[in-house]
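Residue-level structure breakdown
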There are 2 protein chains.
Amino acid sequence: MTRIRIALSQINPTVGDLDGNAELILGRTRQAAGRGASLVAFPEMALTGYPVEDLALRSSFVQASRLALEALAARLAAEGLGEVAVVVGHLDRCGVSTPRLGRPAGAPQNAVAVLHGGRIVARSAKHHLPNYGVFDEYRYFVPGDRLLVVRVGGVDIAIAVCEDLWQEGGPVAAARAARVGLLLSINASPYEVSKDDSRLELVRRRAREAECALAYVNAFGGQDELVFDGDSLIVDAEGRVLSRAAQFREELLIADLDLPERTVDDSVYSAGDVVADGLTIQQVIVTEHAAPVPAPAVEPSIAPALSDDAEIYGALVLGLRDYVAKNGFQSVLLGLSGGIDSALVAAIAADAVGGANVYGVSMPSSYSSEHSKDDAADTAERIGLDYRQVPIAPMVDAYLGALGLTGLAEENLQARVRGTTLMGLSNQEGHLVLATGNKSELACGYSTLYGDAVGGFAPIKDVPKTVVWRLSRWRNAEAERRGEVAPIPVNSITKPPSAELRPGQVDSDSLPPYELLDDILDDYVERDIGRDAIVAAGFEPAMVDRILKLVDTAEYKRRQYPPGTKISLKAFGRDRRLPITNRWREGG
Amino acid sequence: MTRIRIALSQINPTVGDLDGNAELILGRTRQAAGRGASLVAFPEMALTGYPVEDLALRSSFVQASRLALEALAARLAAEGLGEVAVVVGHLDRCGVSTPRLGRPAGAPQNAVAVLHGGRIVARSAKHHLPNYGVFDEYRYFVPGDRLLVVRVGGVDIAIAVCEDLWQEGGPVAAARAARVGLLLSINASPYEVSKDDSRLELVRRRAREAECALAYVNAFGGQDELVFDGDSLIVDAEGRVLSRAAQFREELLIADLDLPERTVDDSVYSAGDVVADGLTIQQVIVTEHAAPVPAPAVEPSIAPALSDDAEIYGALVLGLRDYVAKNGFQSVLLGLSGGIDSALVAAIAADAVGGANVYGVSMPSSYSSEHSKDDAADTAERIGLDYRQVPIAPMVDAYLGALGLTGLAEENLQARVRGTTLMGLSNQEGHLVLATGNKSELACGYSTLYGDAVGGFAPIKDVPKTVVWRLSRWRNAEAERRGEVAPIPVNSITKPPSAELRPGQVDSDSLPPYELLDDILDDYVERDIGRDAIVAAGFEPAMVDRILKLVDTAEYKRRQYPPGTKISLKAFGRDRRLPITNRWREGG
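Please read all numbers here as calculations on a predicted model, not as lab measurements. Throughout this document, residue positions are counted from 1 along each chain, in the order its sequence is written. Labels are handed out in written order, letters beginning with A for the chains and numbers beginning with 1 for the ligands. Only residues with pLDDT of at least 70 get local features here, since the model is predicted, and only at 80 or more are side-chain atom pairs given and counted; chain-wide, interface and lining totals rely on the full set of residues. Working from all heavy atoms in the structure, the side-chain values ignore hydrogens and water.

Overview of the sheet that holds strand 14 (residues 251-259) of chain B
Residue and element names in this part refer to chain B. Where we set the bar: A pair of strands is considered paired only if DSSP assigns at least 2 bridges between the two. By the criteria applied, helices consist of DSSP H or I runs no shorter than four residues and strands consist of E runs no shorter than two, each listed in order from the N terminus. Fitted lines through C-alpha atoms serve as axes, helices being fitted only where they are in contact, and the angles separating the N-to-C directions of these axes extend from 0 to 180 degrees. The contact criterion used is simple: two residues touch if any of their non-hydrogen atoms lie within 4.5 Å.
Spatial strand order, 5-4-3-2-1-14: six strands in an open sheet with mixed pairing. Edge strands, defined here as strands with exactly one partner in the open sheet, are strand 5 (119-125) and strand 14. The average undirected angle you get between the axes of adjacent strands in this sheet is 30 degrees. Examined bridge by bridge, strand 2 (residues 39-41) and strand 3 (residues 85-93) share three bridges and lie parallel to one another. Counterpart to Leu39 in the pairing with strand 3 is Ala85. On the sheet, helix 1 (residues 18-34) packs against strand 1 (2-10), strand 2, strand 3 and strand 14 and is oriented at approximately 50 degrees with respect to strand 14.

Below, the structure written as structure tokens:
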């Protein structure tokens, strides 16, 4: 056994920002080295950000990633950090990249490198490529076929990339067969509700299977619809948690591990030998002897787990904050209706970018109730945002005079005048417009194209209405706990939801009660249960048919909605893609 | 040698319309049988339509497809068509469908069945699953691992599905090893410019490789952004074309083929034997002896090839026609600016749904020139569409009074007032709104979100501006050739393009000449060439940088644009997906 100090650097890279990401990696390596770590691991694709989507198919981008990696290795050494083994995810390409039908252009790979002494001392690539849910890695990458084992401080460390841990066999089986001392897994693993629990169980199980300690480092931060939640952790060979980082924020998780030395028998394996599941082994000696670990020993730290509500709210805040900042905006603008959706979005926005950077506009029509206007103003005051009122009657009247619209066309017109108003202010003043629709509405197409669907980002797009209420109550309770003003007016939480596009309109004119609706949507959308099985579970057939028909015919509207932070298994947009032209009607 | 009469039924299924598609298959089988065919082949996924996207993951839909297939077999026999061997693509599932991480839920397969005597006598599944370009089949299907060989009329016929033909090895190699008499390939192969040429070369080469005749049947019709172009064909074992169907229309291609009998040696292969590339063989005897082929012999027919312009125009008309009809619309509505884009879209729309079902609206502002208004009216008259004028000043003034917008915000406002006007009329009158933007504009983000980007379909979304002009001239020449009125005013073709959102504005204020722009876009977008290589090819560096920066930063706008018929290798939306949050700037 030898003691080694390792650091898992839970960072927030930006897609495409090679210079910025390299700078971040350099800075955290400096910190880790300052605290005595001899190995620092960064997340999957830390150098490029993740996912890079079609950028992987641009050879100029792949080449830029390769050059940035070399420059990073040299820079680390130049700054006196050459003795630290730095494990970093990046975009690489296969040695042989002959074009072939069905193989991504340029043969890109989701790769990992070990930097040491100013050089790239080892390279490898992800073996298991996920191609489901949010992942399309068969489109983008050529799978790796080796198990990389680096000896650092005398410890044989196998390196795997993300999905390599989730699939049976492959690198985990190979790590066991090779008898490594530590399995290091680098990840860009997106958030979903309760994923921290399944991830923990997985990491514990894989450690037992691999018969060695396991260090898991994840990115954190928002990237379009994805939020990476961090939650990096280290378990021992029995699956006991030694250290665990927090979710949704930066952390440099440092730990002293006592690990077996030189466990991979060089007389058994030599380069190119198949070790398990068709994977060949590639062994690289980085350092044969451990650098002395400076006293005092690092105290193990285990971040407390968040409640489900705190976790979801944290994901929504981080997703919005990064979308705004990484796209170069400083401020956001939204319509405040006095309803619960816009109030919650305003609260999330204030937590993400600061209340002073949130601009709220009340846009009352002749159908708007007094309480709506009051609640909108109340929200603005509670949150401390920039507030103005723009009555929409003059614009609506101009259209009605020219076009003579009635009924649904007139209802939609009001929403579109509001959308055009927000976009006009956005163009004039430079704020990012936020759409405030929730998942229940989107599922049913209960929204107006180019109306309330206007915006650059939709923070609660993946949040069902019942969870909108729950999060609002949670956020107010949090404020109370901290002795702060509750951001959301109680009246917005308790009153019956209404679009207020005609006199006396309430959501329940068009939709069943949200508790019921969300239950059926969960069955149909999230769990892909068929109509007959939903009815068999006890829901009223006519109601089920009505909802399913709404869901089946709203695909176009959903596709035109702005992106928003994904918190579920089947978020609209990212995960679930139906044909627009589609005659299949599951409902009777 | 024996003579067999086969029919390739080039049909236009609708996604999800199991009943309608079954009816279509039944009708065409009846026709083919009436003309003496003993085998009729339908396209890939003919029963469900293609692509079904996430419907493949709904077990209720997979089950419905399976039941529809059984019902179809029974119905064929009930109608006296049981003696015809019917080859039909459908959605099936693996026998063993245990859930497994990374494998699509329910283990769906892109399958092919042979119906005979009222039963499903053979089933198989696509082996090579494409996962590039417009295809995501690794997400949706479990690959098949067998070569299906059916003996019909004494001829051993191997059946392959689409990509099985495009990839080296696999079913083609297995068909050769098994020594079949005919290779039958069923397809849903989307159109791209010149794909008919590459498809012809492929089919000829594969016939020579398989050492047997090859019959290739393709679907035709529009499905969201895809157009299937038909072009079914039959070649002999030397790759000589025997028969070929037209593009973009229905056809029942019937041919008499003289083919070797009983070439697969049953003493060599039995079920489950690996025949090549890991594929096992599955032999099914349908009929040992050929039904007599009724006289007279079928004259081979080879449809004349279309010019590139005729082909593109045909794809655009079919794509629009099917999008309108299959989504249940009867009419379309578009803004007529007097410019070339809206004039071409109006001409395409009239060819797709009839001039009487096209509604044009001229929406002049104070910046609109007289010639614009005249050209818009002229277009309307030439095409015979429903025409009205709605001046936008009252609405624009109402917003300006309320919001005080200036500069770009005021320019965008005009476009948005037009978008809201079109959507209002659409909601009131029930027309599908067409967006009229072209690919060059979209590439550069030269469009207004919720303004000119409004609509349900964008017919020329994938057509570069230089091709817009070319197609307009071609369509006018076609009219002349047929002695009809040219649909597009010459003035719309020859005048300098302008958005007319401020006094004297022309496109060349913001964009380089379109000839130059389209060349650079072709390099950067279509061929993924990097900035340095484009500059090295002789383009001015500052110009290249400027264009690339526009392209790199317009992803959000492109994603919000309506779908439109794809005619190129890299259409925006369907094929090319960049991160929105992305700091990579290829331009200097």
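Topic: the packing of aromatic side chains
Put simply, the test is: Pairing of aromatic rings covers Phe, Tyr and Trp, the last through its six-membered ring, and needs centres within 6.5 Å; plane angles under 30 degrees mean stacked, over 60 mean edge-to-face, and all others mean tilted. Each residue gets one of three labels from its accessible area relative to the maximum for its type: buried under 20%, exposed over 50%, partly exposed in between, using a 1.4 Å probe on protein chains only. Think of it as a cone above the ring: NZ of Lys or CZ of Arg counts as a charge over the ring if it is within 6 Å of the ring centre and within 35 degrees of the ring normal.
Tallied over the full model, the rule gives 19 aromatic pairs over all chains. For the ring pair Tyr50 of chain B and Phe228 of chain B, a centre distance of 6.3 Å and an interplane angle of 65 degrees mean the geometry is edge-to-face. Residue Tyr50 of chain B is found in the loop between strand 2 and helix 2 (59-78), and its partner Phe228 of chain B is found in strand 11 (residues 226-229); the two are separated by 178 residues along the sequence. Accessibility assignment for this pair places Tyr50 of chain B and Phe228 of chain B in one class, buried. Taking NZ or CZ as reference, Lys465 of chain A lies 5.5 Å from the ring centre of Trp469 of chain A, over its face.

Thoughts on the interface of chain B and chain A
Reports often express the size of an interface as the amount of accessible area lost when the parts come together. Under the convention used in this document: What gets called buried area is simply the loss in accessible area from a 1.4 Å probe that two parts show on being joined, summed for both. Should a side-chain nitrogen of Lys or Arg be within 4 Å of a carboxyl oxygen of Asp or Glu, the pair is scored as a salt bridge. Identification of polar contacts relies on pairs of N or O atoms within 3.5 Å, with a donor-acceptor requirement for protein atoms, meaning one able to donate a hydrogen and the other able to accept it, and with residues adjacent in sequence counted only if both atoms are side-chain atoms. Any residue that is not Ala, Val, Leu, Ile, Met, Phe, Trp, Tyr, Cys, Pro, Asp, Glu, Lys or Arg is counted as polar, Gly included; the first ten are nonpolar and the last four charged.
Counting from both sides, the interface comprises 84 residues of chain B and, opposite them, 84 residues of chain A. Approximately 7,100 Å² of surface area, both sides summed, lies buried where chain B meets chain A, with 53% of it carried by carbon and sulfur atoms. The tally of links between chain B and chain A comes to twelve salt bridges. Arg58 of chain A serves as the salt-bridge partner of Glu586 of chain B, at 3.2 Å between the closest nitrogen and oxygen. The interface formed by chain B and chain A includes 47 residue pairs in polar contact (both at pLDDT 80 or more). Elements with a contribution of two residues or more to the side of chain B that touches chain A: helix 2, helix 3 (137-140), helix 4 (163-166), helix 7 (308-326), helix 10 (393-403), helix 11 (407-429) and helix 18 (555-560) of chain B. Of the residues belonging to the side of chain B that touches chain A, the class tally is 43 nonpolar, 23 polar and 18 charged.

A short note on the relation of the copies chain B and chain A
Both copies of the chain are related by a screw-like operation: a rotation about an axis and a shift along it. Selection criterion: Least squares is used to superpose the copies, and the fit set is the C-alpha atoms of residues whose pLDDT is at least 70 in both copies.
Of the transformation superimposing chain B on chain A, the axial component is 0.0 Å and the angular component is 180 degrees, with the fit at an RMSD of 0.0 Å. Classification of the inter-copy transformation places it as that of a two-fold axis.

Considerations on the environment of Ala343 of chain A
Residue and element names in this part refer to chain A. Here Ala343 shows up in helix 8 (residues 340-353). Judged by relative accessible area, which is 0%, Ala343 ranks as buried. For the pair Ala343 and Val468, spaced 125 residues apart in sequence, the C-alpha separation works out to 9.9 Å. Setting aside chain neighbours within four positions, we find Ala343 in contact with Thr379, Ile383, Ile488 and Pro489.

Some thoughts on the nonpolar core
Put simply, the rule reads: Joining through side-chain atoms within 4.5 Å is the link that ties buried Ala, Val, Leu, Ile, Met, Phe, Trp, Tyr and Cys residues into a set, and such a set is a nonpolar core.
With 187 residues, the main nonpolar core has Leu434 of chain A together with Leu434 of chain B as its most contacted residues. When residues no more than four places from it in sequence are discounted, the contact partners of Leu434 of chain B are Leu320, Val332, Leu333, Leu334, Val345, Ala349, Val454, Phe457 and Pro459 of chain B. Ranked by size, the runner-up nonpolar core spans 49 residues in total, among them Val40, Tyr50, Leu129 and Ile254 of chain B.

Concerning the pairing of strand 4 (residues 108-116) of chain B
Residues and elements named next belong to chain B. Taking burial as the measure, the nine residues of strand 4 include nine buried ones, the bulk of the element. Residue alternation in strand 4 divides its side chains into two sets, Pro108, Asn110, Val112, Val114 and His116 and Gln109, Ala111, Ala113 and Leu115, and both sets are buried. Sheet analysis places strand 3 next to strand 4, joined by eight bridges and oriented antiparallel. Among the inter-strand pairings, Asp92 is bridged to a residue of strand 4, identified as Gln109. With six bridges joining them, strand 4 and strand 5 adopt antiparallel strand pairing. Across the sheet, residue Val114 finds its bridge partner in strand 5, namely Ala122. With antiparallel pairing between neighbouring strands as the criterion, strand 4 and strand 5 make up a hairpin whose turn holds two residues, including Gly117 at a positive phi of roughly 60 degrees.

Brief notes about the pattern of salt bridges
Residues and elements named next belong to chain A. One pass over the structure, following the stated rule, counts 107 salt bridges over all chains. One salt bridge in this structure joins Glu79 and Arg75, with 3.3 Å as the shortest N-O distance. In this structure Glu79 comes out as partly exposed when scored by relative accessible area, which is 35%. For Arg75, a relative accessible area of 35% translates into the label partly exposed.

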